[in-house]
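Structure at a glance
Letter by letter, the chains look like this.
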Amino acid sequence: MADFINTKSLGRLIKIEALRREDNASDFRRVLAMLDEYKKKYKLSDKDQLWCLVDADKWPEKNMAEAQRLCKQKEYEFCMTNPCFELWLLLHHLDFKTLDEAAKNELLKNPKASSSKNHLEQMLHEILKKEFGEGYRKGAISKIHLEKIPFALQQAFELELEKNHWTFDALCTRIHVLLQQIFQSEPPDYPLPE
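Here's a quick rundown of the structure. (Residues numbered from 1 in each chain as written. Predicted model: local features only at pLDDT ≥ 70, side-chain atom pairs only at ≥ 80, totals over all residues. Heavy atoms only, no water.)

Bringing the packing of aromatic side chains into the picture now. Per the stated rule, a full pass over the model turns up one aromatic pair. A ring pair is formed by Tyr-38 and Tyr-42, whose centres lie 4.6 Å apart and whose planes are at 45 degrees; its orientation type is tilted. You can see Tyr-38 and its partner Tyr-42 sitting in helix H2 (residues 28-42), four residues apart, about one turn around the helix. (Phe/Tyr/Trp six-rings, centres within 6.5 Å; stacked < 30°, edge-to-face > 60°. Helix = DSSP H or I, 4+ residues; strand = E, 2+ residues; numbered from the N terminus.)

In structure tokens:
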């Protein structure tokens, strides 16, 4: 994903820049320190927004609550996906209304499916392979997801309305909230869910 969005300008008002890490450590204190450095480096105004996007499967619940509190204190936006970012990508391709509770629970648990993929990654890989002839590779977000953003947004809104914000005991994402903010400045050229 970083290669696709790194310093990608979405119109004249929006710039997305993925913060690069030297290693895979993703402790929230470190992520927030990177945001602090970014804010200082670019001398952002009060109108600018910094977003901390995190996966719930990386941190214990108490750390997630502290991360959200610190984001609020620093006036950063907090965006969690439970269990991981691949849920957001699955929302583009899989109709969650067709899943029974057992299937949703399996997604939430997200066990290892192979030595290199968890359950959501494997499921996404199989769907993309069948639909487009190419599977999912972590860190390489294909443009094949872009045309399905309206469907993903609608499903994310439904997940949020069902649980009213993030929680550790249900599938959820707030990426659609970030996209709402982006689309307020630069509306997309396709219809958005209401």
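Here we come to the pairing of strand E3 (residues 51-55). Of all five residues that make up E3, four are buried, and the element is covered over most of its length. Pairing of E3 with strand E4 (residues 77-82), which is carried by five bridges, proceeds in the parallel orientation. Residue pairing in the sheet places Cys-52 in a bridge with Phe-78 of E4. Viewed along the sheet, the connection from E3 through helix H3 (residues 61-74) into E4 turns out right-handed. (Buried < 20%, exposed > 50% of the residue type's maximum accessible area, 1.4 Å probe, protein only. Pairing = 2+ DSSP bridges. Right-handed = clockwise from strand over helix to strand, strands pointing away.)

Turning next to the packing of helix H4 (residues 85-93) against helix H6 (residues 119-132). For the pair H4 and H6, interaxial distance at closest approach is 10 Å and the crossing angle is 30 degrees. For the pair H4 and H6, the crossing hand works out as left-handed. Where H4 approaches H6, its residues Glu-86, Leu-87, Leu-89, Leu-90 and His-93 are matched on the opposing element by Leu-120, Glu-121, Met-123, Leu-124, Ile-127, Leu-128, Glu-131 and Phe-132. Grouping the constituent residues of the contact of H4 with H6 by class yields nine nonpolar, one polar and three charged. (Axes fitted to C-alpha atoms, helices over the stretch in contact; angles between N-to-C directions. Left-handed = near helix turned anticlockwise from the far one by under 90°. Contact = heavy atoms within 4.5 Å. Nonpolar A, V, L, I, M, F, W, Y, C, P; charged D, E, K, R; others polar.)

Okay, the nonpolar core next. If you look at the biggest cluster of nonpolar residues, it comprises 32 residues, and the most contacted ones within it are Trp-88, Leu-90, Leu-91, Phe-96, Leu-107, Leu-153 and Leu-179. Those elements that provide at least two residues to this core are H4, H6, helix H7 (149-163) and helix H8 (175-185). Listed in part, the 18 residues of the second largest apolar core include Phe-28, Leu-50, Val-54 and Cys-172. (Core = buried A, V, L, I, M, F, W, Y, C linked by side-chain atoms within 4.5 Å.)

Read from one edge to the other, the open sheet built from three strands follows the order E3-E4-E5, with strand pairing classed as mixed. Because the sheet does not close on itself, it has two edges, and the strands there are E3 and strand E5 (172-173). Packing against the sheet, H3 makes contact with E3 and E4, and its axis sits at approximately 155 degrees to E4.

On to the packing of H2 against H3, then. Two numbers describe how H2 lies on H3: the axes approach to 10 Å, and their chain directions differ by 15 degrees. Taken together, H2 and H3 sit at an angle that is classed as roughly parallel. The handedness of the crossing between H2 and H3 is right-handed. Of H3, the residues touching H2 (which contributes Phe-28, Arg-29, Leu-32, Asp-36 and Lys-39) are Asn-63, Glu-66, Ala-67, Leu-70, Cys-71 and Lys-74. Partitioning the contact of H2 with H3 into residue classes produces five nonpolar, one polar and five charged. (Parallel < 35°, antiparallel > 145°, perpendicular 65-115°, else oblique.)

A few words on the pairing of E4. With five of six residues buried, E4 lies mostly within the body of the structure. Note that E4 and E5 share two bridges and pair antiparallel. Each bridged residue has a counterpart across the sheet, and for Thr-81 the counterpart in E5 is Thr-173.

Time to look at H3. Given 3.6 residues to a turn, an α-helix orients residues that are three or four positions apart in the same direction. The end-to-end C-alpha distance of H3 is 20 Å, a good match for the 20 Å that 14 residues give at a rise of 1.5 Å each. Every buried residue of H3 is accounted for by Asn-63, Met-64, Ala-67, Leu-70 and Cys-71. Projection of H3 onto a plane perpendicular to its axis shows the buried side chains occupying an angular sector of 125 degrees, all on one side. Exposed residues on H3 whose side chains face more than 90 degrees from its buried face are Lys-62, Lys-72 and Gln-73. Those residues of H3 that are buried lie in contact with H2, E3 and E4. Just past H3, the residue Glu-75 takes up positive phi, approximately 65 degrees. (Expected span 1.5 Å × (residues − 1). Arc of directions from axis to C-beta.)

Shape descriptors only; they carry no functional weight alone.
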